[in-house]
Amino acid sequence: AVEKETGREILVEIKNREDFRNYKVDCSKAREYLGFAPRYGVNDIVSSLWRHHQEYGDMSQTRYYNIEVFKQIMKQDGKLR
């Protein structure tokens, strides 16, 4: 999807790191119990991000990195030094 939108070849470097996080999502229970169905697919989201990427500004800003945002919140709450 990204290559199609940008017209650029995307190279991915796979590093053999032990990382137990899992970002796979199964929406079947949300669909079954709540009647939820996603409005947009991955291609739609990538296309929208690419069309609007200049509006987001500098992507190296702290606000785009969850861990940094959480660190700031914890500092404000006095839970992190």
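Data block above holds the structure.
On a predicted model such as this, the values are computed, not experimentally measured, just so you know.

Calculation notes
- Residues numbered from 1 in each chain as written.
- Predicted model: local features only at pLDDT ≥ 70, side-chain atom pairs only at ≥ 80, totals over all residues.
- Heavy atoms only, no water.
- Helix = DSSP H or I, 4+ residues; strand = E, 2+ residues; numbered from the N terminus.
- Areas by Shrake-Rupley, 256 points an atom, 1.4 Å probe, with all protein chains shown as cover.
- Lys, Arg positive; Asp, Glu negative; His and termini not counted.
- Charge placed at Lys NZ, Arg CZ, Asp CG, Glu CD.
- Patch = residues over 30% accessible without salt bridge, like charges linked within 9 Å, V, L, I, M, F, W, Y side chains within 5 Å.
- Salt bridge = Lys/Arg side-chain N within 4 Å of Asp/Glu carboxyl O.
- Buried < 20%, exposed > 50% of the residue type's maximum accessible area, 1.4 Å probe, protein only.
- Contact = heavy atoms within 4.5 Å.
- Polar contact = N/O pair within 3.5 Å; in protein donor to acceptor, adjacent residues only side chain to side chain.

## Looking at the overall build of the protein
Turning to step 1, where the next piece is worked out: Summing up its helical and strand segments, the protein has 4 helices and 0 strands in all.
Turning to step 2, where the next piece is worked out: Beginning at the N terminus, the succession of helices and strands in the protein can be written as α-α-α-α.
Turning to step 3, where the next piece is worked out: In the form shown here, the protein has an accessible surface area of approximately 8400 Å², with 51% of it arising from carbon and sulfur atoms.
Turning to step 4, where the next piece is worked out: Computed over 15 positive and 13 negative side-chain charges, the separation of the two mean positions in the protein equals 5 Å.

## As for a nonpolar patch on the surface
Turning to step 1, where the next piece is worked out: Residues Val 2, Ile 10, Val 12 and Ile 14 make up a contiguous nonpolar surface patch of roughly 400 Å² in combined accessible area.
Turning to step 2, where the next piece is worked out: Considering the arrangement of structural elements, one finds Val 12 in the loop between helix 1 (2-6) and helix 2 (28-34).
Turning to step 3, where the next piece is worked out: Residue Val 12 is classed as exposed on the basis of its relative accessible area of 67%.

## Side note on the environment of Glu 3
Turning to step 1, where the next piece is worked out: Its location among the elements puts Glu 3 in helix 1.
Turning to step 2, where the next piece is worked out: Look at Glu 3 and you get partly exposed, because its relative accessible area is 40%.
Turning to step 3, where the next piece is worked out: What Glu 3 contacts, discounting residues up to four positions off in sequence, is Arg 8, Glu 9 and Ile 10.
Turning to step 4, where the next piece is worked out: Engagement of the side chain of Glu 3 in a polar contact is seen with the backbone nitrogen of Ile 10, the distance being 2.7 Å.

## Quick notes on the side chain of Thr 6
Turning to step 1, where the next piece is worked out: The residue Thr 6 is located in helix 1 in this model.
Turning to step 2, where the next piece is worked out: With a relative accessible area of 18%, Thr 6 lands in the buried category.
Turning to step 3, where the next piece is worked out: In this structure the side chain of Thr 6 is engaged in a polar contact, spanning 2.9 Å, whose partner is the backbone oxygen of Val 2.
Turning to step 4, where the next piece is worked out: A distance of 3.1 Å separates a polar side-chain atom of Thr 6 from the backbone nitrogen of Arg 8.

## Re the environment of Val 2
Turning to step 1, where the next piece is worked out: Looking at where Val 2 falls in the secondary structure, it is placed in helix 1.
Turning to step 2, where the next piece is worked out: Using a relative accessible area of 39% as the deciding quantity, one classes Val 2 as partly exposed.
Turning to step 3, where the next piece is worked out: Through-space distance from the C-alpha of Val 2 to that of Pro 38 is 20 Å; in sequence the pair is 36 residues apart.
Turning to step 4, where the next piece is worked out: In contact with Val 2, other than residues within four places in its own chain, are Gly 7, Ile 10 and Val 46.

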